[in-house]
Structure formats: C-alpha cells, structure tokens
Amino acid sequence: MTLTSTLGYPRVGPHRELKAALETYWRDGEEAPLLDTARSLRRASWRLQKEHGIGHIPSNDFTLYDHVLDTICMTGAVPERFGAGAEIDLATYFAMARGAQDGTRDVAAMEMTKWFDTNYHYIVPEFSPVTSFRLAFTKAVDEFTEAKALGVHTRPVLVGPFSFLKLGKATVAGFDPLDLMGRLLPVYEDVLKRLAEAGADWVQIDEPCLVLELGSGDLAKCRAAYSALSAAVPSLKLMVATYFGALPEASFETAMALPVAGIHLDMVRGRSQYEAALSALPRDKLLSLGLVDGRNIWRTDMEAALTLAERAVLTLGPKRVMISAACSLLHVPFSLAGEKSLDPELKSWLAFAEEKLGELAVLARGVKEGRAEISSELAENAALFEARRNSPRIHNPAVRARVRDIDPHADRRGRPFADRQAIQQKRFGLPKLPTTTIGSFPQTSDVRKARASRRRGDWTEAQYDAFMKAEIEKTIRLQERIGLDVLVHGEPERTDMVEYFGEKLEGFAFTSLGWVQSYGSRCVKPPIIFGDVSRPEPMTVEWSRYAQSLTAKPVKGMLTGPVTILQWSFVRDDQPRSETCRQIALAIRDEVYDLEAAGLGMIQIDEPALREGLPLHRSEWDAYLRWACECFRLSVCVVRDETQIHTHMCYSEFNDIIEAIADLDADVISIETSRSRMELLDAFVDFSYPNDIGPGVYDIHSPRVPARSEMLSLLRLAADRLPSERIWVNPDCGLKTRGWPETEAALIEMVEAARELRNTIGA
Ligand code: GLN
Ligand code: ZN
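On a predicted model such as this, the values are computed, not experimentally measured, just so you know. (Residues numbered from 1 in each chain as written. Chains lettered and ligands numbered in written order. Predicted model: local features only at pLDDT ≥ 70, side-chain atom pairs only at ≥ 80, totals over all residues. Heavy atoms only, no water.)

(A) Region of interest: the side chain of Asp665. Tracing the backbone shows Asp665 in the loop between α24 (658–664) and β23 (668–671). In this structure Asp665 comes out as buried when scored by relative accessible area, which is 19%. Excluding its chain neighbours within four sequence positions, the residues that come into contact with Asp665 are Arg413, Phe417, Arg420 and Asn691. (Helix = DSSP H or I, 4+ residues; strand = E, 2+ residues; numbered from the N terminus. Buried < 20%, exposed > 50% of the residue type's maximum accessible area, 1.4 Å probe, protein only. Contact = heavy atoms within 4.5 Å.)

(B) Spatial organisation of the sheet that holds β23. Spatially, β19-β21-β22-β23-β24 is the arrangement adopted by the five strands of the open sheet, whose pairing is parallel. The open sheet has two edge strands, β19 (556–560) and β24 (692–695), and neither has a second partner. Strand-to-strand twist in this sheet, taken as the mean axis angle between neighbours without regard to direction, amounts to 20 degrees. In terms of strand pairing, β23 meets β24 through four bridges, oriented parallel. Looking across to β24, one finds that Ile669 is bridged to Ile693. (Pairing = 2+ DSSP bridges. Axes fitted to C-alpha atoms, helices over the stretch in contact; angles between N-to-C directions.)

(C) Unusual backbone geometry, seen in detail. Positive phi is not limited to glycine here, since Asn60 has a value of about 65 degrees. Within the fold, Asn60 resides in the loop between β2 (57–59) and α3 (67–74). Phi at Glu491 is positive, roughly 60 degrees, even though this residue is not glycine. As for its position among the elements, Glu491 is in the loop between α18 (461–482) and α19 (499–504). When its relative accessible area of 9% is taken as the criterion, Glu491 is described as buried.

(D) Representation of the sheet that holds strand β15 (residues 506–509). If you trace the three strands from one edge of the open sheet to the other, you get β15-β18-β20, paired in mixed fashion. Single-partner strands in this sheet number two, and they are β15 and β20 (570–571). Across two bridges, the pairing between strand β18 (residues 528–534) and β20 is parallel. Note on β20: the bridge partner recorded for Ile528 is Phe570. Against the sheet, helix α22 (residues 577–597) touches β18 and β20, its axis set at about 55 degrees to β18.

(E) Focus on the site of ligand 1. Taken together, Ile438, Gly439, Ser440, Glu491, Met497, Met558, Asp606, Pro608, His648, Cys650, Cys733 and Gly734 make up the full set of residues adjacent to ligand 1. Separating a nitrogen atom of ligand 1 from a backbone N or O atom of Ile438 is a distance of 3.1 Å. Note that a nitrogen atom of ligand 1 is positioned 2.6 Å from one of the side-chain N or O atoms of Asp606. Class assignment of the residues belonging to the shell around ligand 1 gives a composition of six nonpolar, four polar and two charged. (Near = heavy atom within 4 Å. Polar contact = N/O pair within 3.5 Å; in protein donor to acceptor, adjacent residues only side chain to side chain. Nonpolar A, V, L, I, M, F, W, Y, C, P; charged D, E, K, R; others polar.)

(F) Broad picture of the coordination of the zinc ion (ligand 2). Protein coordination at the zinc ion (ligand 2): the donors are His648 (NE2), Cys650 (SG) and Cys733 (SG), at 2.0 to 2.3 Å from the metal. Sequence spacing of the donor residues for the zinc ion (ligand 2), all on one chain, is H-x1-C-x82-C. We note that His648, like Cys650, is buried. (Donors = N, O, S within 2.8 Å, 3.2 Å for Na, K, Ca; no water.)

Right, here's the structure in full:
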C-alpha cells in the first residue's frame, strides 16, 4: 500500500500561539504555560495529520525555537560560555538563541543564519577540535512518546549527523567539523536505540546538505556515518530526507547507496531527477516522492503529480513508493480556513499546509484506487489551473510593455562613485564615521494598536495620521538628542518591510493569518504575488517628507528592494522570477523618483534577501546575480548624483558575491557584522570594495545593551581594515523588535564609541 507522509509541519500555531507563549515566558520566566502551549500545538498538528490519513506523521519536527538548536542540545554541543556540562534548562536554551543579560550571566547569542535558500533562520552550531558530545536532551524520544500516548504513531525527525556538522561553523581556523563524526555518532546511535525501545519503527533523518555540491571526501564521511548508524540499530528503518533541489550526481549516487530503508527526494525543485531515481533506486529501498510543494502556496497540479506517482508505483511497486510533501511544510502557512477576506477566485488557486494534507490524501487515493476514483478532483483541479492561466486579474499589458521596453544599458547612475561621493560630501557635510541606524525603531504595543485600530476602522485616517506623526516626531527628536548624524523616520507605519509595500502594490494579495516562522518567535506574513506588479500611488513619500520637515539633519527615505520583496513573498509560478522582479523594480523606481522629488537626499533600499536568493547550485549563480543586481540598479538609477543611495543587508556572507555587491554601486552599504566580530568585512577588504560601508557594531536580536568598549573595539577592528573615511557606524539591523530604553541606551553608547574613535584617529 502506498503511504503518504509529511516531513514536518508548521510549528508556531494557526494564530501564532507559540509566539505569544514565548514572549510571555521571556517576560515572566514561567515555564509551565509555555510548555502547555507547546504541547497543545503538537497535539493539534498530529491530530490534523491523522485525520487526513497521513501515513508517516512526523514528531520532533516541533521546536520551541529552532530544530538545529534542538540538535545542538541533543548532542550536548553547547558552547562553553553557556556553562557546558550543566543541565540544559530552558534559560540556557534561550540564552544560546538570544543571548542573556541577567544577574547570573552576560553572554552573547550564538550566530544565526539562513536555512538554505529559505527565509527560515537556524542557530549555527560551533565546533572545534575539543568539542565533545553527549546525549543531553531527549526531546526526540519524549515527543515520540507523547504522540504515542495520544494514539498517534509518529516518525521522529532528526537533523542528520552529516548535515548537522556541515551546517556548523569551525571556531578554529582550518578545522573541518566533519572530523567530529566519530565522536558524534554514538549520540545518534543512543537516540536511535531509545527511539526503537520507545516503539518507533521509522525515523526520518534530514540530510538536506546532500543537495549541495560536495567533495568526494565529504561524501565518503557521509557513507561511513550511515554504515555505522544502520549497523547500530538494525531494527529501525531510516528514511534519509533530502530537499530543496536535485542532488548533484555524486551525492545522488551516495544517497542511493546508503544502507537505509528509504530516500526522500524533492520532486518539485528536483523534478529533473525523477527518471534517474526510478532507475537507480536499489531494490531494498523505498522512494519517498516529494510531490506537493512545501515552499509555495499554489495548488498542486494534480494531473502532473499523479502521473509521477503512478509511474513510480508501476516501476517500483506500491510498497516502495511514498507520497510526500517536497520538504517540511514549516515554510507555508497553516490553513486557508481562517482566510475570510481573500478574493475567492485567488483563494481557489491556493493550498496552505492543511490543504496540502488534503492534496496528499487525494493523490494517495488516486494511486491506490485508480484515477477514476478521483476523477472529479482531477477535473476540478484542471479547471482551476485553466481559469488561473486566463484570468484577467493577473495580466496587465501596460506593465508588460514597460518591462519589455527597458533599455538594458540604462541601469547605471550618472557619474562614478568617486565623483558622486565628492558631490554628496559637499551637500551633506557629514563628519568622518557618520552614525546612523538601519531604519526601524521600537514598535511598542501602542504602535501596533494604532495600526490595528485603523485596520479595524476604529480610527479615522486623521486620527491614525496624527498618531504616526507624533511617533515620527518622537523618533526624530530622540535621534537628534542622541546625536546621530543621519536620521530615519522609524517605520512605525510598517508591520513588516515587505508586507507594507505589497499592500500598496497591484498584483499582490494578503492573507490574514498566513504566518510563516522566520526564526524563533519571529513570524512573517509573506504577500502573495499573483499578478503583474505596479504602483498606483506613492507608498512612503508622505511619512518621509514629514520626517525630513522636522529636522535639518538628513533623513533617509526607506524602501524595501525588489529582490527582497520577491524573495520574501510567495511568488507566482507561471513566469520566471526574474520577470516578476523586474516589474517590482520599476514600481520601486517610481517611489525612489518621488522621494527624491519630495526632498529626501538619501534613500535606502534594503536588500537583506539578496544573498538568500542564490540558487543552491553554483552553476546557476551568475544568471541569478545578473538579474538581481540589474533589478536593484533599475530601481535606483533614476536619482541625481547628489542623492545618496544606501542599501542594507543582514546575515549575509559576502566573500563569494562581493563582485555583485560592488556592482550594485550603492553609495553606502550597511551590513550585519557584530556577531561575527567583523569577520564579514574581510570580503570587502580583500576586494578593495570602493564605496562606503557601515559594519554593524551591535547585535539587535538581543535586548542586551552592549558596552561602549565592545562597540569601540569592533569599530577599531573595522578601522584597522578599511580607510576610516569609508566607514559608517550603525547597529546590525533595524530596531523594531527592541524596547525604547535599551535602544536609547545602546545608541548613546554607539554614538560615543564613534566619537571616541574619531578623536583617537584625529578625524
Ligand atoms: N529598514 C529595515 C528595518 O530597519 C531593515 C530590516 C532588515 O534588514 N531586515 O527594520
Ligand atoms: Zn537587516
């Protein structure tokens, strides 16, 4: 019989219950309510999957913060500064995630980085030659047992040992974390044994790193690891799950030959590997076909998916095929059920996690009972696809013509940077090491309430305007008091940097509850780009103009860049992403043009997602970078030379894309560098990056107020490497998640640190 499975389910709850519970816990430190919420979220998703007849329901896919952090805890790989060796209590767990500053400790958080090319972030494990492992956290076993007690037999999920080590960072130069495999495996063996004792038959081991390009040495270590694991627990069936793309040939061969019971392949992004998989699958293995997209929200083309499933069943036999979502559903929202205000036609084209469970069930039925049994579902699905293709709501001929007529050579600023810099310096007269922030200021509950009141219609536009203006004025005055050189309006009107723009652009739709986890308690509600994009009217001009009217200091207009808007949205799948991105770029360009006309001398275009858009396979990088950079330039090239263009990127490594970054030709780039202690700057130094750089001097993800000396030492590291006239001083990122007191305190110290350095270098 052909079973269905999911590799993981959304964790934060249909109404972001986990977020609320975490925030309460972080405020009052009471564990019980948090753990209760977590338990009820797990129960609800197990029950739902069971109701949909999912054959292999995951457990241990849930987490209080991050599944890689859970794995760090499971293996006892807790960095020394958090008190390694001790029991990993909740306080320690969250200290690793967020840093901690209280009576007992003052430690910075662990590094966080993007999970492959998604907008999910994981905590980066730290490895060195002295890292030791021990089973320190039995969550995988506990959650299996918890589900079992509820009558749900689950397939526990573990981050595989190979990917766990690959995803970590060596804290000693030149050290290869994979050398720790021998020490790590006993912990996995122990966990697997305990799972088997607890009654598990299948265990899913995620090895997404297998989709990356790997050397033969790495692959040999992967093979050796699985030989050891499967020998240690022969009674357990291991399903090695890969996702987010096709496997490069050598990895594919390795995966197929692993001594495990099943292999999962992503047949949405890695469809090209379907034929090879059918013919290469060894007789003793089961193939889990990831047919339902776990990364996007469009309905599955059932005819196409069924055809793939049927042929697999014909070739391999029904027992050797499993029908799955392509990757964990953690990257899509919970359910369409709560979406009352979505346009019904658009809604009919969509499937969120719950609807995807339904699709899996239909596919399984089609395979088991024959396509005649699901003929009405197939017909309905085909009709929806047809309607979407022809719908006038997605086609705007004027937008298409504008994109078609872009002159591919007209995306450059008037003069080269060196000339612009002189002109801009004359205009703004900034000191050396100018201080600024990245855009947002604390979004207190008052601010959120104001937006909600307007949305609900409880407030008139005039009331809302007055509130926002007061907020902007407060923010401007604060920045003046602190002595920052370049100000921002603070973004109080923005729920989210992409949602805000999407709501004002044509071609975008919004959900009310379409939350997706970004990291820990942070969720985003990605817009849905369903049609051609245009900007009917200015989106930010009034707020920025108002902010600038309050002060003689320069205020930066603040926009989200086209690549980031694309990357953090659910994007239409009926045309190339580059085409959609060009449409967005032209819409942003209209706004840039209007901001300049309204008197904003500096405009920042945030592109924090530029790097995460990189394809997982290097061979596709150039093509992506070419159109992504072109889109950025398209959106800013209309300004005069005296207008200063800033950009901002966070959580990026720059080494391998530095040429493209330079090619953006932004006058100033601010980046996140404090957690890595300015390591990220190396790329800029080695490349002799010519334009201005603002390396972040403090981590904004933690409420901890950094000492002035800390920031000063980071700034010195920067000044040792870069000419001081190129350096700006700013936090790592926006301050919206912070509170006012710590923000003010930290910025005062930051400005003082800049002043001290100016004095010592005689600037
Ligand atoms: N301007 C945005 C802010 O400050 C940038 C956010 C980001 O880079 N993610 O909030
Ligand atoms: Zn940022």
